[in-house]
Amino acid sequence: ATLGANGEPITPTPAGSARVFVTALGEGGTVSGGGVFEVGTQVTVTATPAAQYAFRAWVKNGTSQVVSTSATYTFTLNEQTDLVAQFDFVGNEPL
């Protein structure tokens, strides 16, 4: 079986569908919205910054190509998509 980054098995993607992977870069926040969807459907992914962080951008994994600067990003799924949420540290650690 093929294993994902978290060590869980990845099930085959059904015909006419594509997988959306979402990852948060570092400890700056969390992401949601990944999964398997029918090709041609609208998919929404959401990035939620942690305390003292601000959302910067969604980028295509492995590239510096920014696809959205909105924490909530909706797009038409045409192929497997691997997105990374980037966050900026904006506060200091509490004393």
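This text goes with the structure placed above it.
This text gives an overview of the structure that appears in the document. (Residues numbered from 1 in each chain as written. Predicted model: local features only at pLDDT ≥ 70, side-chain atom pairs only at ≥ 80, totals over all residues. Heavy atoms only, no water.)

1. Remarks on the pattern of salt bridges
Which entries qualify depends on this criterion: A side-chain nitrogen of Lys or Arg and a carboxyl oxygen of Asp or Glu constitute a salt bridge if their distance falls within 4 Å. Only DSSP runs of H or I reaching four residues or more are called helices, and only runs of E reaching two or more are called strands; each is numbered from the N terminus. Accessibility here uses a 1.4 Å probe with only protein chains present; expressed as a share of the type maximum, an area under 20% marks a residue as buried, one over 50% as exposed, and anything in between as partly exposed.
Following the criterion strictly, the structure yields one salt bridge and no others. Between Arg56 and Asp88 there is a salt bridge, with its nearest N and O atoms 2.7 Å apart. Of this pair, Arg56 sits in strand 5 (residues 53–60) while Asp88 is found in strand 8 (residues 81–89), placing the two residues 32 residues apart along the sequence. Using a relative accessible area of 30% as the deciding quantity, one classes Asp88 as partly exposed.

2. Structural notes on the environment of Glu27
Put simply, the rule is: In this analysis, two residues are considered to be in contact whenever any of their non-hydrogen atoms come within 4.5 Å of each other.
With respect to the secondary-structure elements, Glu27 resides in the loop between strand 1 (17–24) and strand 2 (29–32). Of the residues examined, Glu27 reaches a relative accessible area of 72% and is grouped as exposed. Sequence separation of Glu27 and Phe89 is 62 residues, and the distance between their C-alpha atoms is 9.7 Å. Once residues lying within four places of it in the same chain are set aside, the contact partners of Glu27 are Ala50 and Tyr53.

3. Some details on the nonpolar core
Side chains of nonpolar character tend, in soluble globular proteins, to be buried together. Put simply, the rule is: To define a nonpolar core, start from buried Ala, Val, Leu, Ile, Met, Phe, Trp, Tyr and Cys residues and group those joined through side-chain atoms within 4.5 Å.
With 13 residues, the main nonpolar core has Val45, Trp58 and Phe75 as its most contacted residues. Mapped by element, the contributors of at least two residues to this core are strand 1, strand 4 (42–49), strand 5, strand 7 (72–76) and strand 8.

4. Quick look at the pairing of strand 7
For a regular strand, side chains alternate in direction, first toward one face of the sheet and then toward the other. Basically, it comes down to this: Strand pairing follows a simple DSSP-based rule, namely that at least 2 bridges must link the two strands.
Taking every second residue as pointing to the same face, the buried face of strand 7 carries Tyr73 and Phe75, while none of Thr72, Thr74 and Thr76 on the other face is buried. Relative to strand 7, strand 4 runs antiparallel, the two sharing five bridges. The residue bridging Thr44 from the neighbouring strand is Thr74, located in strand 7.

5. Considering the environment of Thr23
Within the element layout of this structure, Thr23 appears in strand 1. For Thr23, a relative accessible area of 38% puts it in the partly exposed group. The spacing of Thr23 and Ala47 is 24 residues in sequence and 9.1 Å in space, taken between C-alpha atoms. Residues contacting Thr23, with those up to four places away along its chain left out, are Val31, Leu83, Val84 and Ala85.

6. Re the sheet that holds strand 3 (residues 35–38)
Two orientations exist for strands paired in a sheet by backbone hydrogen bonds: parallel and antiparallel. What counts here: Here, axes are lines fitted to C-alpha atoms. For helices the fit covers the stretch in contact, and angles between N-to-C directions go from 0 to 180 degrees.
If you trace the five strands from one edge of the open sheet to the other, you get 3-1-8-5-6, paired in mixed fashion. At either margin of the open sheet sits one strand with a lone partner, and together these are strand 3 and strand 6 (66–68). Here the strands of the sheet are splayed against their neighbours by 35° on average, with no regard to which way each runs. Where strand 1 lies against strand 3, four bridges are found, and the strand directions are antiparallel. Following the sheet pairing, Val20 is matched in strand 3 by Gly35.

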